[in-house]
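# Coordinate analysis (summary)
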Amino acid sequence: MAVFDQIFIAGAWQPASGQSLALINPDTEAQEAQLVCASPDQCAEAVAAARRAFDAGWGQADLATRRAALERVITQIEARAEELAQTISTEIGAPIDFARKGQVAAGLAHLRATLVALDGLVEDCPLTNHPEHRLRYEPLGVAALITPWNWPLNQVALKLGGALAAGCCMVLKPSELSSRTALVLAEAMEAADLPPGVFNLITGAGDIGAALVQNRDVDIVSFTGSTRTGRFIAAEAAQNMTRTVLELGGKSPNILFEDCDLPLAITQGLAHCFRNAGQSCNAASRMLVARDIYERAVALAAEGAAQTRVDRPALPGAHIGPQITALQYARVQDYVSQGLAEGARLIAGGPGRPDHLDHGFYSRPTVFADVTPDMAIFTDEIFGPVLTMTPFDSEEEAIALANQTEYGLAGYIQTADPARADRVARALRVGMVQINGQSRENGAPFGGRGLSGYGREAGLFGIRAFQDAKSISGAVA
Ligand code: ADP
């Protein structure tokens, strides 16, 4: 059985000496590898290496140096794109086409957008019209990057690109469930030839994540993951007043008005909700539909969901693969049972695995209609391929339903009326709005409000998150 036991600190690989974890393949349900985690001492060693690299010069690296470093990183990741896609597909069960065109391509696109933002970056400018008052943006120092398993390259790329471009040194602690992808990435980082200690990788579970957050030499924690863990990190980081960027869960509304292109809205809405087996923080998982088109929408959604192909990750043409773990599968199943018990109308999918798959953590693409705001399937983030549909009678009611959530990550609007699109976009309490299937711009700020967390990633905002503004007043005559 393969054993993954390496970590990367101060420009060199070393064996990890912490606990061992079994890695289960979500398709076969068999243990196929073992991960040896970093020890708490190695976590401290990685932070110290990052601190040394920052103090020894990376903290003063100019824009051109950082830009060239990021370009080398992109080139090295591009060179490993297929290896990364294969690793992601095996590790999290993502269909291979999606791993290539969705996961890896998205990660690279975010890094390229960071490069563009770096080109126009202002780091030293007058604060007012008086030259004796200046503003300087400076890197915060050592960044801890704690990432989840659902987008193993992309979420790391968002943080890593911003931190590197800002001039920080970093310690990456990927999810224990997606560390093999991070190990390939670390090989790319090694080949990119950064000064030792600028990038460090340690493996581990929540305990090592917590040790990182508690380390006083960490200046900023950039975290993506569950709201539960985000709360813990915010509280722990507060002990040292360590900055945090938290990108957490979501339960994002997709509003279909009566004037939208209904077949297109349904096709795109299903694909968005089911993408990555529903394991995306910004999944459009609550569909709100104008009463006039509701029954037609329900019929189209039932048809579309039934055509969604759930299959083994290695097979070309599969739309979605399994849930990541037995626990996550059980969680999805619980919500499907709960939806039925709560009296929602099941129009596609349902409990259990698709008939043609006899093993693996596969859920059926499921759609519930007539879902009301008091139901758990309306309020809770399921993180599985489960779509809810709810009718509304007016624009006001649509907005109220959309905002009836503690989350606030994304909102999706389908309408042919530009004035309405604008009104609703303003009224949604979210960080990101997409209208009529328009995809997000890669450099646009990514993040949310409420229980979806705070702070922004990607592009210029993603760089600034790792910097501090220093005001300097007074000129020396
Ligand atoms: P999920 O429940 O979807 O696996 P988590 O939010 O638990 O998501 O995990 C996201 C990342 O946070 C992973 O890298 C995980 O190891 C890490 N993590 C989990 N618990 C903690 C914690 N208490 N402190 C810091 N990091 C943690």
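Quick caveat, the model's predicted, so the values are computed rather than measured.

The rules behind these values
Each chain has its residues counted from 1, following the order in which its sequence is written. Only residues with pLDDT of at least 70 are given local features in this predicted model, and only at 80 or more are side-chain atom pairs given and counted; all residues enter the totals for whole chains, interfaces and linings. Using a C-beta atom placed from the backbone for every residue, we mark a residue as near a molecule or strand if that atom lies within 6 Å of it. The helix count covers DSSP runs of H or I at least four residues long, the strand count covers runs of E at least two residues long, and both are numbered beginning at the N terminus. For this classification, the nonpolar set comprises Ala, Val, Leu, Ile, Met, Phe, Trp, Tyr, Cys and Pro, the charged set comprises Asp, Glu, Lys and Arg, and every other residue, Gly included, is treated as polar. Note on pairing: DSSP must find at least two bridges between two strands before they are called paired. Angles here are taken between N-to-C directions and fall from 0 to 180 degrees, while the axes themselves are lines fitted to C-alpha atoms, restricted in helices to the stretch in contact. Two residues form a contact once the distance between their C-beta atoms, set from the backbone, is within 7 Å. UniProt positions are given in the numbering used here, feature names are shortened, and annotations may be inferred rather than shown by experiment. Counting other C-beta atoms within 10 Å of a residue's C-beta gives its exposure: the residue is buried at 20 or more, exposed at 12 or fewer, and partly exposed in between, where C-beta atoms are placed from the backbone. In a helix, the anticipated span is given by 1.5 Å times the number of residues less one. Each C-beta atom gives one direction from the helix axis, and the arc is the one those directions make. Think of a nonpolar core as buried Ala, Val, Leu, Ile, Met, Phe, Trp, Tyr and Cys residues, each tied to the set through C-beta atoms within 7 Å. The split into domains, and so the bounds of each, comes from an automatic or database assignment of domains. For classification purposes, an angle smaller than 35 degrees is called roughly parallel, one larger than 145 roughly antiparallel, one from 65 to 115 roughly perpendicular, and anything else oblique. Handedness of a crossing follows from how the near helix is turned relative to the far one, being left-handed for an anticlockwise turn of less than a right angle and right-handed for a clockwise one.

Around the ligand, the structure places 17 residues, and the nearest of them are Gly206, Gly209, Gly225, Ser226 and Thr229. Mapped by element, the contributors of at least two residues to the shell around the ligand are α7 (206-214) and α8 (227-238). In terms of residue count, α7 provides more of the shell around the ligand than any other element does, 4 residues in total. Per-class residue counts for the shell around the ligand are 8 nonpolar, 7 polar and 2 charged.

Across the sheet, 7 strands lie side by side as β15-β16-β17-β14-β13-β19-β20; this open sheet has mixed pairing. Each end of this open sheet is capped by a strand with a single partner; those strands are β15 (345-348) and β20 (432-435). Sheet twist, expressed as the average angle between the axes of neighbouring strands with direction ignored, equals 25°. Of the pairings in the sheet, the one linking strand β19 (residues 410-414) to β20 comprises 4 bridges and is parallel in character.

Within a beta sheet, neighbouring strands are joined by backbone hydrogen bonds and run either parallel or antiparallel to one another. Taken together, the 3 strands give an open sheet; going across it, the order is β1-β5-β4, and neighbouring strands pair in mixed fashion. If you trace the sheet from one side to the other, it starts and ends with β1 (2-4) and β4 (20-24), each paired once. Each adjacent strand pair in this sheet contributes to an overall mean axis angle of 30°, direction not counted. Where β1 and strand β5 (residues 31-36) come together, 3 bridges link them in parallel fashion.

Within the element layout of this structure, Gly269 appears in helix α9 (residues 262-274). In sequence terms Gly269 and Val104 are 165 residues apart; their C-alpha atoms lie 22 Å from each other. Excluding residues that lie within four positions of it along the chain, Gly269 makes contacts with Asn254, Ala284 and Met287.

This part covers the UniProt feature "domain: Aldehyde dehydrogenase" (unreviewed entry) in the protein chain. Per the UniProt record, "domain: Aldehyde dehydrogenase" (unreviewed entry) is annotated on residues 13-472. Helix makes up 41% of residues 13-472 and strand 20%, and the two end C-alpha atoms of the span are 41 Å apart.

Take the environment of Pro253 next. Mapped onto the elements, Pro253 comes out in strand β13 (residues 253-256). Assessed through the 27 C-beta atoms surrounding it within 10 Å, Pro253 is described here as buried. Sequence separation of Pro253 and Val433 is 180 residues, and the distance between their C-alpha atoms is 10.0 Å. When near neighbours in sequence (up to four residues on either side) are disregarded, Pro253 contacts Arg286, Leu288, Ala402, Gly411 and Tyr412.

Attention shifts here to helix α11 (residues 326-341). With 16 residues, α11 extends 22 Å between its outermost C-alpha atoms, agreeing within 8% with the 22 Å of an ideal straight helix rising 1.5 Å per residue. Regarding α11, the residues found buried are Gln328, Tyr329, Val332, Tyr335, Val336 and Gly339. For α11, the angular spread of buried residues about the axis comes to 125°, placing them on one side. Turned more than 90 degrees off the buried face of α11, the exposed positions are Leu327, Ala330, Ser337 and Ala341. Residues of α11 that are buried in the fold lie against β16 (366-369), α12 (376-379) and β17 (386-392). Directly after α11, the chain includes Gly343, whose backbone phi takes a positive value near 95°.

Quick look at the nonpolar core now. Formed by 149 residues in total, the largest nonpolar core has its most connected members in Met170, Ala301 and Met389. Residue-level mapping places this core at the junction of two domains, with at least three residues from each of domain 1 (2-248 + 452-473) and domain 2 (253-441). Sequence-distant contacts of Met389, that is, excluding residues within four places in its chain, are made with Met287, Val289, Ala297, Val298, Ala301, Val367, Phe368, Ala369 and Val371.

Where helix α2 (residues 63-79) contacts helix α4 (residues 96-119), the two axes come as close as 10 Å, and the packing angle between them is 165°. By the angle between their axes, α2 is roughly antiparallel relative to α4. The crossing of α2 and α4 is left-handed. The residues of α4 that touch α2, namely those facing Leu63, Arg66, Arg67, Leu70, Glu71, Val73, Ile74, Ile77 and Glu78, are Leu108, Leu111, Arg112, Thr114, Leu115 and Leu118.

The next thing to look at is the UniProt feature "active site" (unreviewed entry) in the protein chain. Mapped onto this numbering, the UniProt entry gives "active site" (unreviewed entry) at Glu247. Its location among the elements puts Glu247 in strand β12 (residues 243-247). Once residues within four sequence positions are removed from consideration, Glu247 is found in contact with Thr224, Cys281, Gly447, Gly453 and Glu457.

This paragraph deals with unusual backbone geometry. In this model, Ala10 sits at a positive phi of 55°, which is unusual for a non-glycine residue. Within the element layout of this structure, Ala10 appears in the loop between β2 (6-9) and β3 (12-15). On the neighbour-count criterion, Ala10 (18 C-beta atoms within 10 Å) is partly exposed. The residue Met241 is not glycine, and still its phi comes out positive at about 55°. Along the chain, the position of Met241 falls in the loop between α8 and β12.

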